[in-house]
Amino acid sequence: MNKPLKNETLQTEITNISRRNLLKGFALTGFVLAVGMPFAGFAEGEEAPKYGRDAMPNGWVDNPLIFVAIAEDGTVTIVSHRSEMGQGVRTSLPMVVADELEADWSRVKVIQAPGDEERYGNQDTDGSRSVRHFFMPMRNVGAAARMMLEAAAAAHWGVSVDEVFAENHQIKHRPSGKTLGYGELAKAASALDVPDREKLQLKTADQFRYIGKQSTKLIDGEDIVSGKAIYGIDIQLDGMAHAVIARPPVYGGKVKSFDDSETMKVPGVIKVVTLKGSPPPAIFNPLGGIAVIAENTWAAMQGREKLKIEWDHGENVSYNSDEYRQQMLEASSKSGGKVLRSTGDITKAMETADKTFKADYYVPHLSQAPMEPPVATARIQDGKCEVWAPTQAAQAGRDTVAKWLDMSSDDVTVHVTLLGGGFGRKSKPDYLVEAALLSKAMNGRAVQVTWSREDDLHNGYLHTVSIEHLEAGVNEQGKTTAWLHRTVAPSISSTFDAASEHQMPIELGMGVMNIPFAIDNIQLENPAAKAHTRIGWFRSVANIPRAFAIQSFIAEMANELEQDHKAFLLELIGPARKIDPIELKDEWNYGESPEAYPLDTGRLRRVVEAVCEKANWGRDLPAGRGLGLATHYSFVTYTAAIVEVEVSEEGDLSIPRIDIAVDCGPQVNPERIRSQMEGACIMGVSLAMVGEISFKDGAVQEDNFDGYQVTRMKESPREIHVHLLPSDDFDTPLGGVGEPGLPPIAPALCNAIFAATGKRIRDLPIRYQLES
Amino acid sequence: MKLSINGASHEVNLPEEMPILWTLRDVLGLTGTKFGCGKALCGACTVMLDGQPIRSCSTPISAAKDKQITTIEAVSEDKVGRAIQQAWVELGVPQCGYCQSGQVVSATALLRNNANPSDTDIDNAMSGNICRCGTYNRIRDAIKLAATKSGGAQ
């Protein structure tokens with residue numbers, strides 16, 4: 001993306017607009033939460049459940065006429081309909097199209113789709129789903145376009161299509177050796193029918209040019225390193241004004257009164273606007289407040305500092321993190337919460353156990369804090385609104401803006417820029433609505449609303465806060481016979497239903513219901529927990545506290561029982577088998593089919609074994625050093641990590657090395673899988689070491705990167721070794737990549753600290769707990 | 001006042017305390033330099049002032065009087081800067097890329113002053129630049145690669 005995205009219609013040379021049957025995937029709305037995630041669980045009499053990409057809002061599209069354009073000079077333009085936030089999707093999915101199309105990557109250009117799911121299929125870029133869901137549709141796109149070019153060449157030469165084949169941006173006639181370039185054929189190919197999906201000739205894996213290879217450079221790499229890449233904050237429109245907003249510091253609060261007389265004296269300030277908020281649930285609505293609109297961002301910020309606002313904080317002013325932690329501990333200490341699953345007889349099993357274990361693990365609120373804070377630009381002209389934004393949820397943004405402007409979604413265009421990080425924060429398009437409302441207040445003039453870092457931390461959609469209470473019983477032979485898990489955390493569902501106090505299947509399917517252990521007596525409970533702030537998705541979501549608790553607990557048990565942690569963990573996982581998620585009462589299964597995606601303990605065992613081998617588990621280490629192991633299954637991908645730490649006598653910690661083994665099924669872009677895993681290791685270290693958002697009197701206490709710290713180069717692991725487990729069968733189901741690397745890091749780190757120091761961490765962040 | 005940016009002179013009529021960052025971005029349209037924190041805590045806004053890396057979000061334009069500002073847009077004009085950029089691309093350093101303008105400028109300033117930096121030198125020069133995606137290890141490797149290519153480390 002070299003320049004700001006305009007309302008660019010695809011300059012297609014392939015202009016055939018006839019629609020073949022089943023061009024679109026299945027658009028399913030009946031079982032879809034308003035939040036854009038498919039919801040498992042189907043009442044009797046309803047149609048058969050759909051899974052994966054079929055179950056996503058607006059499904060999927062594999063029409064080459066939507067996704068590919070070929071210019072007469074041979075330039076192949078491929079549409080990326082998923083948002084790029086660092087996971088590499090603008091490279092990985094177009095690369096799949098280019099491969100099936102036999103296109104030369106150096107002649108491929110990628111353009112970004114605006115939010116339009118009817119046209120492109122689902123665009124919610126979250127849940128580690130982009131490649132998992134769109135690998136096959138994008139293969140279809142490339143193959144169909146290739147076959148159209150082949151048919152056009154065969155017609156031109158008057159030969160059978162069997163005699164021609166595509167190779168590196170050309171169609172060749174095998175018997176004569178004649179060739180025609182893609183640019184020469186584009187127009188003729190465009191007049192042909194799109195082949196039926198059933199007749200597509202997909203490549204075999206040995207024919208792949210880019211898929212599964214390490215060779216493809218990032219499509220935006222050069223633009224990024226030269227400052228030319230366009231993020232949301234880089235949009236500049238004629239006459240654009242800049243705004244910042246003073247939002248209620250407490251969730252549900254509102255403006256009681258304000259005085260802007262000093263603000264209006266600041267040079268450059270144009271206007272002060274009161275923005276109506278909306279009472280909880282937040283959904284994707286703006287929080288309201290007082291906006292200051294100015295000629296530049298700095299003037300707007302100066303003006304905001306001069307505002308005098310009296311807030312009506314509302315009932316959440318009572319929210320204090322210390323007290324809330326005590327409330328959660330109280331709730332987790334006794335039974336009586338909602339029982340999620342009860343297998344065997346937990347009471348009897350605990351009573352008859354030779355040894356019992358009990359522990360509570362705490363993870364505080366976390367902020368995604370993408371380096372580019374939320375920002376959006378809007379302009380209203382001739383009854384239509386255009387928004388430019390770094391968003392993971394372009395269609396939801398479009399619909400929410402339309403609702404607030406009382407327009408039809410057809411009259412709202414959301415242009416998706418590059419995202420300067422997302423991590424779940426940018427799945428909520430509240431900031432797009434703010435920009436649209438401010439443009440409206442300025443009679444349609446373009447307005448860019450920028451969130452400061454303080455705004456981002458104070459008014460986010462935070463990762464929840466949680467206590468995971470675990471109990472286990474072990475018999476005389478050292479076998480675990482009882483497992484009790486009480487999970488206490490405000491649910492993301494509270495953001496959509498203010499009364500909700502229990503977790504959704506989506507959250508429970510992240511390491512509560514779908515534990516892979518061979519234990520006879522299991523009890524899973526979810527006591528109530530009320531939310532007092534906006535709760536949202538954070539990379540890997542509820543898997544963070546579950547992996548931290550469960551994988552720490554298992555290490556604690558192994559230590560107490562004087563067993564090798566690895567051996568004990570594998571014993572607990574039990575033999576290789578494929579567990580039906582339905583048997584586990586896991587209604588979610590990451591939205592995937594229980595048949596195609598069972599919980600495969602063989603694969604889990606393999607990542608554990610692989611990482612132990614690569615990191616040389618069990619090796620002798622000098623005093624003050626230790627290795628820690630953890631494994632976790634999330635987003636239908638299997639990971640295991642070993643962290644090596646060194647802790648000085650003063651308690652200073654360094655991390656010489658992390659190994660992470662990953663089985664995500666077929667690897668479409670291994671280079672980007674590695675980079676995602678490296679990043680997940682560092683983000684995992686960051687949240688474990690220093691990550692904490694805390695509340696006092698309803699307001700967030702951390703203001704910026706001094707209070708809310710994140711790991712810097714100095715503290716980051718010296719070496720990260722990513723071990724991708726081979727899987728060459730591209731017909732097997734794909735796993736997620738963006739998120740699964742994160743969950744095992746915090747527990748592996750804490751287990752390593754225990755190995756090095758004997759100090760057990762049950763409360764995150766670790767911060768000063770190692771100081772002697 | 002007059003500002004010298006990437007070798008060109010710009011006459012601006014702005015309050016002297018206005019940060020260089022917002023002058024570059026909102027007034028002069030040079031958007032390669034990024035906003036991340038506004039408090040000199042994250043390094044996304046790093047530019048060079050007479051060759052030294054500074055945080056432009058917290059440096060007023062008055063501090064740039066009679067000095068040369070170099071932003072990410074002009075890094076490629078410098079041999080060391082170009083080597084840094086090429087190493088970044090070759091090793092696939094960026095993920096989201098938002099912090100990388102600042103990272104590239106900090107790394108260029110480092111390598112210009114120290115052709116053969118040790119790990120500790122790299123840590124010290126780069127720890128003011130936050131990368132939330134976690135690209136630190138590749139940044140370190142890319143600095144070493146660029147050092148080799150531009151005649152520093154062996």
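Numbers given to residues run from 1 along each chain, matching the order in which its sequence is written. Each chain gets a letter, beginning with A, and each ligand a number, beginning with 1, in the order they are written. Thresholds applied to this predicted model are a pLDDT of at least 70 for local features of residues and 80 or more for the giving and counting of side-chain atom pairs; totals over whole chains, interfaces and linings are not thresholded and use all residues.

Right, let's talk about the domain arrangement of chain A for a bit. Many structure descriptions define interface size as the accessible area lost when the parts assemble. Residues and elements named next belong to chain A. Boundaries of every domain are those given by an automatic assignment or by a domain database. Here chain A is partitioned into domain 1 (60-225), domain 2 (232-315 + 374-450) and domain 3 (321-366 + 462-757). Note on contacts: residues are paired as contacts if their backbone-placed C-beta atoms lie within 7 Å. The interface of domain 2 with domain 3 comprises 13 residues on the first partner and 14 residues on the second. Lys, Arg, Asp and Glu make up the charged group, whereas Ala, Val, Leu, Ile, Met, Phe, Trp, Tyr, Cys and Pro make up the nonpolar group; the residues left over, Gly among them, are polar. For the side of domain 2 that touches domain 3, the class distribution of residues is eight nonpolar, three polar and two charged.

Residues and elements named next belong to chain A. Where burial is concerned, most of strand β2 (residues 76-80) is hidden: four out of the five residues are buried. Here strand β1 (residues 68-70) runs beside β2; their pairing, made up of three bridges, is antiparallel. Bridge pairing in β2 places Ala69 opposite Thr77. When DSSP locates at least two bridges between a pair of strands, those strands are taken to pair. Each helix corresponds to a stretch of at least 4 residues labelled H or I by DSSP, and each strand to a stretch of at least 2 residues labelled E; elements are numbered beginning at the N terminus. Relative to strand β3 (residues 108-112), β2 is paired through five bridges, and the arrangement is parallel. Looking at β3, one finds that Val79 is bridged to Ile111. Buried, partly exposed and exposed are defined by the number of other C-beta atoms within 10 Å of a residue's own C-beta, namely 20 or more, between the two limits, and 12 or fewer respectively, with C-beta atoms placed from the backbone.

Our next topic: the confidence of the model for chain A. Here pLDDT means the predictor's own confidence in every residue, given as a number from 0 to 100. Looking at chain A, the pLDDT average stands at 93 and 94% of residues meet or exceed 70. Per-residue pLDDT stays below 50 along residues 1-44 of chain A; that stretch engages in 96 contacts with residues further than four places along the chain or on separate chains.

Bringing the nonpolar core into the picture now. Residue and element names in this part refer to chain A. Put simply, a nonpolar core is buried Ala, Val, Leu, Ile, Met, Phe, Trp, Tyr and Cys residues tied into one set by C-beta atoms within 7 Å. By size, the foremost hydrophobic cluster in this structure holds 287 residues, and its most contacted members are Ala243, Val387, Ala436, Val611, Ile745 and Leu749. The leading source of residues in this core is helix α5 (residues 130-157), at 13 residues. Beyond its immediate chain neighbours, meaning those up to four positions away, Ala436 contacts Ala378, Cys385, Val387, Val401, Trp404 and Leu405.

This brings us to the environment of B:Leu110. Residues and elements named next belong to chain B. Topologically, Leu110 is positioned in helix α3 (residues 100-113). Since 22 C-beta atoms lie within 10 Å of it, Leu110 is described here as buried. As for Leu110 and Tyr136, which are separated by 26 residues in sequence, their C-alpha atoms are 15 Å apart. Apart from the residues within four sequence positions on either side, Leu110 is in contact with Pro117, Ala125 and Ile143.

Take the sheet that holds strand β24 (residues 637-647) of chain A next. All names here are of chain A. Reading across the sheet, the four strands line up as β23-β24-β25-β28 and stay open at both edges, with mixed pairing between neighbours. In this open sheet, the two edge strands, each paired with only one partner strand, are β23 (625-634) and β28 (719-724). Strand-to-strand twist of the sheet, defined as the mean angle between neighbouring strand axes without regard to direction, takes the value 15°. Along the sheet, helix α19 (residues 745-757) makes contact with β23 and β24, crossing β23 at roughly 155°. Helix axes are fitted only over the stretch in contact, all axes being lines through C-alpha atoms; the angle between N-to-C directions runs from 0 to 180 degrees.

This brings us to the sheet that holds strand β5 (residues 68-70) of chain B. Residue and element names in this part refer to chain B. Read from one edge to the other, the open sheet built from five strands follows the order β2-β1-β5-β3-β4, with strand pairing classed as mixed. Sheet topology places β2 (8-11) and β4 (52-55) at the edges, where each strand pairs with a single neighbour. Along the sheet, successive strands turn relative to each other by an average axial angle of 40°, direction set aside. Most of the contacts of α3 go to strand β3 (residues 46-49), to which it runs at about 35°, and overall it touches β3 and β4.

Residues and elements named next belong to chain A. Contact geometry for helix α15 (residues 543-560) and α19: axes closest at 8 Å, N-to-C directions at 30°. The angle between the axes of α15 and α19 places the two elements in the roughly parallel class. Two packed elements cross with a definite hand, and for α15 against α19 that hand is right-handed. For the pair α15 and α19, contact is made by Ile544, Ala547, Phe548, Gln551, Ser552 and Ala555 and by Ala746, Pro747, Cys750, Asn751 and Phe754, respectively. Class assignment for the residues of the contact of α15 with α19 results in eight nonpolar, three polar and no charged. Orientation categories follow fixed angle ranges, with anything under 35 degrees roughly parallel, anything over 145 roughly antiparallel, 65 to 115 roughly perpendicular, and all other angles oblique. We call a crossing left-handed when the near helix sits turned anticlockwise from the far one by less than a right angle, and right-handed when that turn is clockwise.

Geometrically, the link from A:Pro280 to A:Pro281 is a cis peptide bond, its omega value of 5° lying close to zero. Structurally, A:Pro281 is set in the loop between β9 (269-275) and β10 (289-294). That bond from A:Leu764 to A:Pro765 is cis: its omega, 0°, falls within 30 degrees of zero. Inspection of the secondary structure assignment puts A:Pro765 in the segment after α19. Positive phi is not limited to glycine here, since A:Lys585 has a value of about 60°. Within the secondary structure layout, A:Lys585 lies in the loop between β21 (578-579) and β22 (599-600). Take A:Lys585: there are 16 C-beta atoms within 10 Å of it, and that puts it in the partly exposed class. One non-glycine residue, B:Asp50, lies in the positive phi region at around 50°. Tracing the chain through its elements places B:Asp50 in the loop between β3 and β4.

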